[in-house]
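Structural description and commentary
Residue-level listing of the chains:
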Protein chains: 2
Amino acid sequence: MTVLDMFNPINKDLAMVEEQLIESIDTELPLLDEAATHLVKAGGKRLRPAFVLLAAKLFSNSVEHVLPMAVALEMVHMASLVHDDVIDNSVLRRGQPTVKSEWGNRISLYTGNYVLAKSLCMVATYQRSDILEVLANASMRICEGEIKQMQSCYDVHQGFKDYLRRIEKKTALLISVSCQLGAMISKSNDTEITALKKYGYYLGMAFQVTDDILDFVADEKTLGKPVGSDIRQGVITLPAIYALKYGASRQQLGKLLSSPELCFNQAEEIVSLITESDGIDYAYQVSCTFAEKAMQQLNCLPDVQAKDALYDIAAFISGREY
Amino acid sequence: MTVLDMFNPINKDLAMVEEQLIESIDTELPLLDEAATHLVKAGGKRLRPAFVLLAAKLFSNSVEHVLPMAVALEMVHMASLVHDDVIDNSVLRRGQPTVKSEWGNRISLYTGNYVLAKSLCMVATYQRSDILEVLANASMRICEGEIKQMQSCYDVHQGFKDYLRRIEKKTALLISVSCQLGAMISKSNDTEITALKKYGYYLGMAFQVTDDILDFVADEKTLGKPVGSDIRQGVITLPAIYALKYGASRQQLGKLLSSPELCFNQAEEIVSLITESDGIDYAYQVSCTFAEKAMQQLNCLPDVQAKDALYDIAAFISGREY
């Protein structure tokens, strides 16, 4: 079972999002059309659209009105991925060739910009400036997060808070915004919007911590990339920060993780040292705490099927076995 | 005399734009703050803010209400420049080190994205979705233009129309949008908005043709970059297209311009062959025709000082001596 199974209640709606994602690429330029369509078809968990849909389903069975928003949020996410691939020189993402590897840097960069502009066109259809403000603010903070992530590589002195502020911007913010906007364009009140915004935030935090754990413990097939990819790039996540602070091999780890060369060449050894510490368990507890906080936000929301789904997603993350 | 002297009537307003450009960079992240501030302080002609201001001045003496829009449009432009510098590996722009050369690709890319997101925040303050739509649509078409420009490099078979469609997206569109939005947020009617949109379009076309001529005939000091920079990169502009079609040395030029190596190493010779043809004169005539069309659009607009300035700018471009 994966988190995707939690989306079964909205599978039909997600299929419509998928259709509209493809349809929304409507450039007359064949090269741009191919690259953007490749980006869409390369897939992804479609987490952000799923949260837009579930948030809206709390207030109405019919969610046709939120489809453009769901598509727009996935496009904002895709734009950031295609830019990341340029910077990180990534050849594969989710086991598929990246736009960068197939078309090069220039097309990747402009495909990202095009997809972002297109998402704004879709958001404009709502004729709501409060929505644009939420999205533009999130976009600014996501950029800050990307730079913070870069600065924190190989930094063995970073603390838990540094990590949390970073994943907040990297992941939690856009999931939070997805839940918030799904509610804002539906018949909801301010309390409900705030609750969903917070739910998305805590759930996004739990999700990213879990994702970071998987880089240590999952197999390559599940991940779509080799185990220890983060370590190889000097990305120090929660289990590593714990091991650096409290693990038996903390001195050795400090030397290894502060060196780009050692991170790249001895990633497997580093992964072993971290999994031997209590870092994974600690991160798991942090993830659970976030997931529980997410669940608590649901109390004030309408008792409908979508609420159960939102609850189940959080429960699944907190109850995940490694 | 340069086109900047035409902006004397709005120098005070442009100084306020400059202030607000600096102030609008309000990130807590020192690195992002430095890079974005560097980008702003590296200067530029501030053409787009100037057109927003002049368009608004047609309808009201006080233009404080358009300052955020003027700032936003310059930011959209700056975001595209900083991304271009990443792709083109540019070390200098306007004689100053680029963000790319000082901070590298990653910071440049995210600085561009940050500045773009910030510009959207400023646009959101107008609470007008029609404005967002105009801007988002323009952004999409600008991306298409960038890709078209890339595809047309070293293509000696391109026609005049290919060139015109390309500079339309590269330059005319954002100047057109600047004039249009300046009017849309002022007390103007639909006829006036359309006239300004068209004025900006024709003026932008004239401006880019002139700019492309300068790459052949200006000196390095005026340009802020070496003469023949376009040729060196295989960018084939109007004088070159004319020379390829009608010049005495068209066969030799065809061989030279289709080879990246020869473009890079024999740029001076290529520049000579093109200036010996009537390509510069032809391009100059095209620029004049566009500038005259721009002037014609002004007929239906209020007879105030700003209209004279808009007229003078077009007249200056059409009367420029080479």
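Computed from a predicted structure; not experimentally measured. (Residues numbered from 1 in each chain as written. Chains lettered and ligands numbered in written order. Predicted model: local features only at pLDDT ≥ 70, side-chain atom pairs only at ≥ 80, totals over all residues.)

Section: the overall build of chain A
- Scanning chain A from N- to C-terminus turns up 16 helices and two strands.
- Computed over C-alpha atoms, the radius of gyration of chain A comes to 20 Å, within 12% of the 20 Å expected from 2.2 N^0.38 for 322 residues, which places it in the range of a compact globule.
- In terms of its C-alpha atoms, chain A occupies a principal-axis envelope of roughly 55 × 50 × 35 Å.
- Counting all 322 residues of chain A, 51% fall into the buried class.
- Considering only residue pairs separated by 6 or more positions, chain A has 73% of its internal contacts joining residues 24 or more positions apart. (Helix = DSSP H or I, 4+ residues; strand = E, 2+ residues; numbered from the N terminus. Rg over C-alpha atoms; globule rule 2.2 N^0.38 Å. Buried ≥ 20, exposed ≤ 12 C-beta atoms within 10 Å, placed from the backbone. Contact = placed C-beta atoms within 7 Å.)

Things to note about the relation of the copies chain B and chain A
- Between chain B and chain A, which share one sequence, the superposing operator has a rotation angle of 180° and an axial displacement of 0.0 Å; the RMSD is 0.0 Å. Taken together, the rotation and translation describe the operation of a two-fold axis. For chain B, the minimum C-alpha distance to the rotation axis belongs to Ser129 of chain B and amounts to 3.3 Å. (Least-squares fit on C-alpha atoms with pLDDT ≥ 70 in both.)

Topic: the domain arrangement of chain A
Residue and element names in this part refer to chain A.
- For chain A, the assigned domains read domain 1 (10-127) and domain 2 (129-306).
- Listed per partner, the contact involves 24 residues of domain 1 and 24 residues of domain 2.
- Residue assignment for the side of domain 1 that touches domain 2 shows that the elements contributing at least two residues are α3 (47-57) and α4 (67-88).
- Top contributing element to the side of domain 1 that touches domain 2 by residue count: α3, with nine residues.
- Of the residues that constitute the side of domain 1 that touches domain 2, the class distribution is 16 nonpolar, five polar and three charged. (Domains from an automatic or database assignment. Nonpolar A, V, L, I, M, F, W, Y, C, P; charged D, E, K, R; others polar.)

Describing the interface of chain B and chain A
- Contact with chain B, which involves 35 residues of that partner, is made by 35 residues of chain A.
- Counting only elements with at least two residues in the side of chain B that touches chain A, the list comes to α2 (30-41), α4 (67-88), α5 (99-124) and α6 (129-152) of chain B.
- If you tally residues by element for the side of chain B that touches chain A, the top one is α6 of chain B, at 14 residues.
- Of the residues that constitute the side of chain B that touches chain A, the class distribution is 19 nonpolar, nine polar and seven charged.

Digging into the confidence of the model for chain A
- On average, residues of chain A carry a pLDDT of 90, and 98% of them reach 70 or more.
- Mean pLDDT across the elements of chain A ranges from a minimum in helix α9 (residues 220-223) of chain A, with 72, to a maximum in helix α11 (residues 238-246) of chain A, with 97. (pLDDT = per-residue confidence, 0-100.)

Comments concerning the nonpolar core
- Val52, Leu203 and Ala206 of chain A together with Val52, Leu203 and Ala206 of chain B are the most contacted members of the largest nonpolar core, which totals 220 residues.
- Those residues in contact with Val52 of chain A, other than ones at most four positions away along the chain, are Val66, Met69, Ala70, Leu73, Ser178, Leu181 and Gly182 of chain A. (Core = buried A, V, L, I, M, F, W, Y, C linked by C-beta atoms within 7 Å.)

A word on helix α16 (residues 305-319) of chain B
- Taking 1.5 Å of rise per residue, 15 residues should cover 21 Å, and α16 of chain B covers 20 Å from first to last C-alpha, within 8% of that figure.
- Those residues of α16 of chain B that are buried are in contact with α3 (47-57), α8 (190-217) and α15 (279-297) of chain B. (Expected span 1.5 Å × (residues − 1).)

Things to note about the environment of Ile87 of chain B
- You can see Ile87 of chain B is positioned in helix α4.
- In this structure the C-alpha to C-alpha distance between Ile87 of chain B and Gly319 of chain B, which are 232 residues apart in sequence, comes to 35 Å.
- In contact with Ile87 of chain B, other than residues within four places in its own chain, are Asn105, Arg106 and Leu109 of chain A.

Regarding the environment of Met122 of chain A
All names here are of chain A.
- Structurally, Met122 is set in helix α5 (residues 99-124).
- Between the alpha carbons of Met122 and Asp312 there is a distance of 30 Å; along the sequence they are 190 residues apart.
- When near neighbours in sequence (up to four residues on either side) are disregarded, Met122 contacts Ser24, Pro68, Val71 and Ala72.

Overview of helix α11 (residues 238-246) of chain B
Residue and element names in this part refer to chain B.
- Within α11, seven of the nine residues are buried, which leaves it mostly tucked inside the rest of the structure.
- What α11 keeps buried is the set Leu238, Pro239, Ala240, Ile241, Tyr242, Ala243 and Leu244.
- Against the buried residues of α11 lie α7 (160-184), α8, α12 (250-257), α14 (267-276) and α15.

What to know about the packing of α11 of chain B against α12 of chain B
Residues and elements named next belong to chain B.
- Contact geometry of α11 with α12 gives a least axis separation of 7 Å together with a crossing angle of 130°. When the axis of α11 is compared with that of α12, the two are oblique. Here α11 and α12 pass one another in a crossing that is left-handed. Along the contact surface, α11 presents Ala240, Ala243, Leu244 and Lys245, while α12 presents Arg250, Leu253, Gly254 and Leu257.
- Across the contact of α11 with α12, the residue classes break down as five nonpolar, one polar and two charged. (Axes fitted to C-alpha atoms, helices over the stretch in contact; angles between N-to-C directions. Parallel < 35°, antiparallel > 145°, perpendicular 65-115°, else oblique. Left-handed = near helix turned anticlockwise from the far one by under 90°.)

Thoughts on the environment of Leu173 of chain B
Residue and element names in this part refer to chain B.
- Mapping Leu173 onto the fold places it in helix α7.
- Accessibility expressed as a C-beta count within 10 Å gives 22 for Leu173, which makes it buried.
- Sequence separation of Leu173 and Lys307 is 134 residues, and the distance between their C-alpha atoms is 20 Å.
- Not counting residues within four places of it along the chain, the set of residues in contact with Leu173 comprises Ala138, Arg141, Ile142 and Glu168.

A closer look at the packing of α3 of chain B against α7 of chain B
All names here are of chain B.
- One way to put it is that α3 packs onto α7 with a least axis distance of 7 Å and a crossing angle of 30°. Crossing geometry of α3 relative to α7 is assigned as right-handed. Every residue of α7 that contacts α3 at Leu47, Arg48, Phe51, Val52, Leu53, Ala55 and Ala56 is listed here: Leu174, Ile175, Ser178, Cys179, Leu181, Gly182 and Ala183.
- Counted by class, the contact of α3 with α7 contains 11 nonpolar, two polar and one charged residues.

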